[in-house]
Each structure stands twice: as structure tokens, then as C-alpha cells.
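Residue-level structure breakdown
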Amino acid sequence: MSVLYNQHHKLRMSIIALLVCLIGMAPAVIALADSNSAGSAQVYPKQYTIENLLSDYQYVTRHDLTAMGHTVGAISCGGAGSVASFGDGAISASYFHDLKAVGNYNVGNYLGGNSEYSGYKDLPAYYKAVESGVNAAGNHLTQYTGTGEYMNFDSAFASLSGESSDWSTKAHPVTASNITENQNGGSTLHLPLDTYQNIVIPKKTYDQVNYIQLDGVKDPADFCTKQYTISIAGSEPVALTFGYLGFSDSKADNIKGILYSDGKPFNDSNSLKNLLPGTINGGQMGTDGLKLIWNFPDATSILTDYTAGHIVAPSGAVTVKKGTGNFEGGILADSVVNQNAEAHFYPYNPVKPTTPTNPSSVPTSSVPTSSVPTSSVPTSSVPTSSVP
């Protein structure tokens, strides 16, 4: 009788332990079921950091995107999207919350014929909703079946905003001592990038100059391996050109001309596509990385053209000046309007010559990694790039 009792007691305890385990697992099971609802729809699998998003996308907008010039990279749009052809060099899935107009999605054509990168061919381009009459399927886009979004844009931009502000706060400020007067009129702000890789231009300094020159970068390939962050803080609106700018135009329109270390603008033969190594398809895509970042932590209006490097403007409406040519770099912004400029895809990190992992249905985290450049410490002690 005692033996039979002991056996029954052990059985009851085992059942109780099993029930406790199942109850403990219930929240995780429910969360997993929710994230996999509506056909196990995929979501962006990485942390929402500036580095990750600039490595994966040409454009990421919290709200609307108009990109009527050719876009080489992938796109993630949290609002209404109107785009021309895109995605020849896509290395991540694209997504549109509300697709208003679209050209052809080119499904990684630049990479498909290259044995090193052929695994990126045929990544999906999703849309959540589509305007009546838009032939999304005929242009190689796919209906997104998840109950939420492919990317949580509120979380992403909260993270980007914090990271952008941190970079600016911890940066080395340039002052009037960095300004020289030009012989032909106007003044130039010299950024000592050979000493500081994370610089902020305060409004008082920004307002005094016509040109901003990137001093100390003797080899353009340094832009591929070292992170240079230039923050423009407290100025509103911001207008930059990386093309030729006369002093009278700078003064009349309050536009700042951006110059390379040789004192020349970044367009034509001096554009990044002609300066950097590791380019493909006539310089329309870079594979060796690009770590030059123009950071606007608080600006709400940014006008630019011929941009050399990435733009990070979490609260900004970025306008690429109409009638201007190509640019190299990505844009992370609240919204973007680009009527006809061609967007060349130069991801932050080098393109890995491997087949990409299929995006997980559950993101690893939405908490950003620490990648804030050290502020006023000289470059000898500053990490050359942030941790992925």
C-alpha cells in the first residue's frame, strides 16, 4: 500500500511540475504566435541602429517617401511611398506601408550575376497597402501578410533619434578659430578630421561660413574604414550642396558648399563613386563600405544635392534639390522628397560575399548597440568604427 501511494504521489508531482512549466511558457508562446500571425510574416531581423539601417537600406523613412529617380538600394517606408525603379543592389527586403506609385523592382540584378553576391538576388519587396490601379505584382512586389509592419517605425526612429543626439552631444565642437577667409570672398570652415572623427558644427559657427571643408582625409578609402560623423546642430533650416557653389549664391540663398580636403566640391570627377574603391556597375554601388555620416539631430528641414555620404535626420524632412545629379549614400529621415536624382547605394558596412540569412520572423531586439563615437578625444584613441 505504501509503495502504491508513493507511486501515485510521484505521478501527481510530475503532472503538477509539467503544468507549472506549461503555464510559464504561455507568454512566450503567445508572443511567438502573435509575431508569426497571418502566415508567419517576416519582420526586420536586426537591431534598430544607424549602422544596421545604413548598411541595409538606401532610404528609411518614418513617414512619406517620394523617390522618382532611380534608387539602387533597398527601401523601407513607413508612410506613403511613390518611387521609380529600385532595388538593383538590394541586400535586404524592401517594405512600403502604403504604395502610391512604383516603377520596377529590379530584384538585385546588379548582384545576381556576381558569384560573390548572388545570394542577394530575388529578395522580397513588400507592400502593406497599395493605391488602386498600381500594378505592384507586375513590378515584382509582394503583399505583406503580417498584422503589424515589417519594421516598427516608431521604435526604429526613437532609437535613431537617441543615437543621433548622443553623437552630437559627445562630438568635438568647431569654432571661429577653424574659419579662414577666402581671397575671392566668403569664408571656409575647416573640419580637422585628422584629429577628430566626431565633430559638431554649432549654429553660431554654421551661420558664419559659406563653405565647409573636410580637412585631413588624404586617402578617400579612409571613408570606407573609419567612421567620420559631422553633426550640424541647432540650425534651421539647413541647406547644403556638394556641387559647385559661387560665393554670391551661397550668400543669397544661405547655402553651404561642402568641399573635399583638396578644396574641390564632391560632384563630377570628384564624386565618391570616382574616388572610392570597391565599386560596381559604373560606381552605382559600393561594396567596401562608406562611413561618412552627416548627422542632423534636431533639424526639421534639410535641402541637399550631390550628397557625398549618408544623411541621418530622425526629425527631418529631407529634400534632394530638383534637377541635380546623383548622390552616394543612404538617407534615414522622417520624410524624403527626391524628384529625379539617382541614388547610388553605398552601404555603411562592406557587403558580405555570402548568401544572406532569411529574415527571422522575430527580431533579435529593438535596443540599439552602443556605437556613439567618442567626442573630443583625438583620433589616436577613438575607435575607427562602431560595433555592429
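Up top you'll find the structure we're talking about.
Analysis parameters
- Residues numbered from 1 in each chain as written.
- Predicted model: local features only at pLDDT ≥ 70, side-chain atom pairs only at ≥ 80, totals over all residues.
- Heavy atoms only, no water.
- Helix = DSSP H or I, 4+ residues; strand = E, 2+ residues; numbered from the N terminus.
- Buried < 20%, exposed > 50% of the residue type's maximum accessible area, 1.4 Å probe, protein only.
- Contact = heavy atoms within 4.5 Å.
- Areas by Shrake-Rupley, 256 points an atom, 1.4 Å probe, with all protein chains shown as cover.
- Phe/Tyr/Trp six-rings, centres within 6.5 Å; stacked < 30°, edge-to-face > 60°.
- Pairing = 2+ DSSP bridges.
- Core = buried A, V, L, I, M, F, W, Y, C linked by side-chain atoms within 4.5 Å.
- Polar contact = N/O pair within 3.5 Å; in protein donor to acceptor, adjacent residues only side chain to side chain.
- Salt bridge = Lys/Arg side-chain N within 4 Å of Asp/Glu carboxyl O.

1. Observations regarding the overall build of the protein chain
A count of helices and strands for the protein chain gives nine helices and 22 strands. Out of the 388 residues in the protein chain, the part that is buried amounts to 51%. The long-range fraction of contacts in the protein chain, counting pairs at least 24 apart against all pairs at least 6 apart in sequence, stands at 60%. When the accessible surface of the protein chain is totalled, it reaches about 16300 Å², and 54% of it is carbon and sulfur.

2. Structural notes on unusual backbone geometry
Following Glu-236, the chain continues to Pro-237 via a peptide bond in cis, the omega torsion being -10°. Looking at the secondary structure, you find Pro-237 in the loop between β12 (228-233) and β13 (238-241). Here Val-107, not a glycine, exhibits a phi torsion of approximately 40°, which is positive. Within the secondary structure, Val-107 is located in the loop between β4 (94-102) and α4 (109-112). Phi at Asn-254 is positive, roughly 55°, even though this residue is not glycine. Structurally, the position occupied by Asn-254 is in the loop between α8 (247-253) and β14 (256-259).

3. A few points about the packing of aromatic side chains
Counted under the stated rule, the structure contains 15 aromatic pairs. Geometrically, the ring pair formed by Phe-86 and Tyr-105 is stacked, given 4.9 Å between the ring centres and 25° between the ring planes. With Phe-86 in the loop between β3 (75-83) and β4 and Tyr-105 in the loop between β4 and α4, the pair connects residues that are 19 residues apart, well separated along the chain. Residue classification places Phe-86 among the buried residues on the basis of a relative accessible area of 0%. The exposure class of Tyr-105 is buried, given its relative accessible area of 1%. Ring centres of Tyr-126 and Tyr-150 lie 5.8 Å apart, and the angle between their planes is 40°; this geometry places the pair in the tilted category.

4. Topic: the environment of Ala-221
Topologically, Ala-221 is positioned in the loop between β11 (211-215) and α7 (222-225). Ala-221 sits 55 residues away from Leu-276 along the chain, and the two C-alpha atoms are 5.7 Å apart. Ignoring any residue separated from it by four or fewer positions in sequence, one finds Ala-221 in contact with Leu-276 and Pro-277.

5. With respect to the pairing of strand β10 (residues 198-202)
With four of five residues buried, β10 lies mostly within the body of the structure. With two bridges connecting them, strand β7 (residues 172-173) and β10 associate as parallel partners. Looking at β10, one finds that Pro-173 is bridged to Val-200. In terms of strand pairing, β10 meets β12 through five bridges, oriented parallel. Following the sheet pairing, Ile-199 is matched in β12 by Ile-230.

6. Remarks on the nonpolar core
One finds Leu-141, Leu-191, Leu-214, Phe-223 and Phe-296 to be the most contacted residues of the largest nonpolar core, which totals 97 residues. Once you skip the residues sitting within four places of it in the chain, Leu-141 turns out to touch Phe-86, Phe-96, Leu-99, Val-102, Tyr-105, Ala-125, Tyr-127 and Ala-136. Tyr-211, Ala-239, Leu-245 and Leu-259 belong to the second largest nonpolar core, which has five residues in total.

7. Let's talk about the side chain of Asp-56
For Asp-56, the location among the structural elements is in helix α3 (residues 50-56). Polar contacts involving the side chain of Asp-56 include one to the side chain of Ser-92, which spans 3.5 Å. With residues near it in sequence (within four places) discarded, Asp-56 still touches Tyr-44, Lys-46, Ala-74, Ile-91, Ser-92 and Phe-345.

8. A look at the environment of Val-351
Within the secondary structure, Val-351 is located in the segment after β22 (343-344). Under the relative-accessibility criterion, Val-351 is labelled buried at 5%. Residue contacts for Val-351: discarding those within four places in its chain leaves Ile-91, Tyr-117, Tyr-120, Met-285, Gly-286 and Thr-287.

9. Focus: the pattern of salt bridges
According to the stated counting rule, one finds seven salt bridges in the structure shown. The closest approach of N and O atoms between Lys-100 and Asp-98, which form a salt bridge, is 3.2 Å. Taking relative accessible area as the criterion, Lys-100 reaches 32% and is therefore assigned partly exposed.

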